[in-house]
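# Tertiary structure, described
For reference, the chains in residue letters:
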Amino acid sequence: MIQVSESQQTKLYAGELSDLEKVMKYLRQRFNGVTFMGYKLQNSTPVFGEIHSLSDMPIKVSDIQRPGYYELVAGYRFRLSYASPKWYLLPPEHSLLKVSPNYEVADVVDNSTPSRVVLFGIKPCDLSAIAVLDAILTSKHPVYTKRRSGVLAVIVEECLEPAETCFCSITGTGPTVLRGYDLAYARLDENTIIFKPGSVLGEEIAKTVGLKDAVQEQVEAYCSAVDRAVNIMAMRLPRLEVIQRDLEKSMRNEKLWRTLSEKCTGCGNCNYVCPTCFCVEIVDSVEESNTVRTAIWTACRAYTYGLVAGGHFRRDLYMRYRHFVLHKFLFYPKQTGGLIGCVGCGRCTTWCPLGLDLKETLLRVVKEVE
């Protein structure tokens, strides 16, 4: 509800779908040589990659998401795909450095990485996930730091209808955005769009493109839709502070966590689709005359993650599942200065092959502790 009241205090503009193309055109002119990165349809599959025009984006589809289920249908309520902005900022496989035969160490220069980027059409939960990664990786991870420093503008599409797996209002990461963006937009229907500037650049875009002030009826429709989305998700889980408190109390309840993890196979899908998971393993390989050090995503749910010389510190699967959940809600804040590692996007539930629902896990923990 706080998000709604704050959004009502923000200047709102109204436009049409074609105005998004105008926004892209203006940003291309303002930032010479800029590359747009966002959700796009590639062979009818939603991915995260380079966008050349509005027609590349999933503007004529909606997604149906349930535990272990994802489908695209005709519509205009696209939420997200398995890939998030992390796929660009911290690619699944990326080279870190190379060592010559003379033992000279040099950074690997990735000439394919655009130096000037606009993140276009990312979601509020994505923006919050980037804030988490910023707190952990900026200035510490060379690839992430380089790619993140090239982001010149952030355009966010707000979600007015949550998927069945979403709970971003519980984690305080959606369905609207309050800070850290330049321009946000929300689709009231197939063609009508509400625009919300979040920076000086955002105001500049709105005025240059010629957006009109939203009329009272449009403002009310937008705020009502946000209210409805917040209320839907509020019925799915208790408050965040209750979840965190009861997770803390559940740590040593082995029987509970063994039961909660019964469906889990340790495949790691949840880690790979999570927009805030950042763990990598390092592989050194000899290529021609150089040795190249490469970072590859890894998963804390996988058996090998806890396997070290001399033993295994999370041999049982329930331990790895418990760690995944506790890390998101309890341990991340210790790394990020208060930001939790779960942004309520629901990807871990949607892309779990057995439909293990994180919401159900949290509800059972609360029920057991209470």
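These lines cover the structure that appears in this document, whether it is placed above or below. All of these numbers come straight from a predicted model, not from anything done at the bench.

Turning our attention to the environment of Thr176. Among the secondary structure elements, Thr176 is positioned in the loop between helix H6 (168-171) and strand S10 (183-187). With 126 residues separating them in the primary sequence, Thr176 and Glu50 have C-alpha atoms 24 Å apart.

This part takes up the pattern of salt bridges. By the definition in use, this model includes 16 salt bridges. Arg239 is the partner of Glu241 in a salt bridge, and the nearest nitrogen-oxygen pair spans 2.9 Å. Here Glu254 ties to Arg258 by a salt bridge, and the two come within 2.7 Å at their closest N and O atoms. Of the two residues, Glu254 and Arg258 are both situated in helix H10 (residues 254-260); the distance of 4 residues between them amounts to about one turn of the helix. Residue classification places Arg258 among the partly exposed residues on the basis of a relative accessible area of 38%. Linked by salt bridges that have partners in common, Arg245, Asp246 and Glu370 make up one network.

Under the definition given, this model contains 11 aromatic pairs. Aromatic side chains Tyr39 and Phe78 sit 5.5 Å apart centroid to centroid with 65° between the ring planes, which places their arrangement in the edge-to-face category. Pair noted here: Tyr39 is in strand S2 (residues 35-42) and Phe78 is in the loop between strand S5 (69-74) and helix H3 (86-89), with a separation of 39 residues, a long-range link. Note on Tyr39: relative accessible area 2%, which makes it buried. Summarising the aromatic geometry, the rings of Tyr82 and Trp351 are spaced 6.4 Å apart at their centres and angled 75° between planes, so their arrangement reads as edge-to-face. Placement of the pair is Tyr82 in the loop between S5 and H3 and Trp351 in the loop between helix H13 (347-350) and helix H14 (358-369), with a sequence separation of 269 residues. Owing to a relative accessible area of 28%, Tyr82 belongs among the partly exposed residues under this scheme. Exposure remark for Trp351: the relative accessible area of 18% places this residue in the buried category. Put simply, the rings of Tyr70, Tyr82, Trp87, Trp297 and Trp351 pair up and form one aromatic cluster. Positioned over the ring face of Trp297 is Lys86, at 4.2 Å from the centre of the ring.

Right, let's get into the sheet that holds strand S13 (residues 280-287). With antiparallel pairing, the 4 strands of this open sheet are ordered in space as S7-S6-S14-S13. Of all strands in the sheet, those bounded by a partner on one side alone are strand S7 (105-107) and S13. Averaged over all pairs of adjacent strands, the angle between strand axes in this sheet comes to 30°, irrespective of strand direction. Where strand S6 (residues 93-99) meets strand S14 (residues 290-297), 6 bridges bridge the pair, whose relative direction is antiparallel. By the bridge assignment for S14, Lys98 is matched with Val292.

Right, let's talk about the sheet that holds strand S1 (residues 13-16) for a bit. The sheet built from 8 strands is open, its strands ordered S3-S2-S8-S9-S10-S11-S1-S12 with mixed pairing. Pairing within the sheet leaves two strands with one partner each, and these edge strands are strand S3 (45-51) and strand S12 (212-213). Here strand S8 (residues 117-122) pairs with strand S9 (residues 151-157) via 5 bridges, running parallel. Counted as the bridge partner of Ile122 is Val156 from S9. Taken strand by strand, helix H4 (residues 124-137) contacts S2, S8 and S9, and its axis lies near 135° from that of S8. Packing against the sheet, helix H8 (residues 216-234) makes contact with S1, S10 and strand S11 (192-197), and its axis sits at approximately 85° to S11.

To continue, consider H8. Here H8 contains 19 residues, and its C-alpha end-to-end distance of 27 Å stays within 8% of the 27 Å for a straight helix at 1.5 Å per residue. Within the span of H8, buried status applies to Val219, Tyr222, Cys223, Ala225, Val226, Ala229, Val230 and Met233. Buried residues in H8, looked at end-on, bunch into an arc of 155°, giving them a common side. H8 presents Gln216 and Glu217 as exposed residues on the side facing more than 90 degrees away from its buried surface.

Each value, and the rule that gives it
Residues numbered from 1 in each chain as written. Predicted model: local features only at pLDDT ≥ 70, side-chain atom pairs only at ≥ 80, totals over all residues. Heavy atoms only, no water. Helix = DSSP H or I, 4+ residues; strand = E, 2+ residues; numbered from the N terminus. Salt bridge = Lys/Arg side-chain N within 4 Å of Asp/Glu carboxyl O. Buried < 20%, exposed > 50% of the residue type's maximum accessible area, 1.4 Å probe, protein only. Phe/Tyr/Trp six-rings, centres within 6.5 Å; stacked < 30°, edge-to-face > 60°. Lys NZ or Arg CZ within 6 Å of the ring centre and 35° of its normal. Pairing = 2+ DSSP bridges. Axes fitted to C-alpha atoms, helices over the stretch in contact; angles between N-to-C directions. Contact = heavy atoms within 4.5 Å. Expected span 1.5 Å × (residues − 1). Arc of directions from axis to C-beta.

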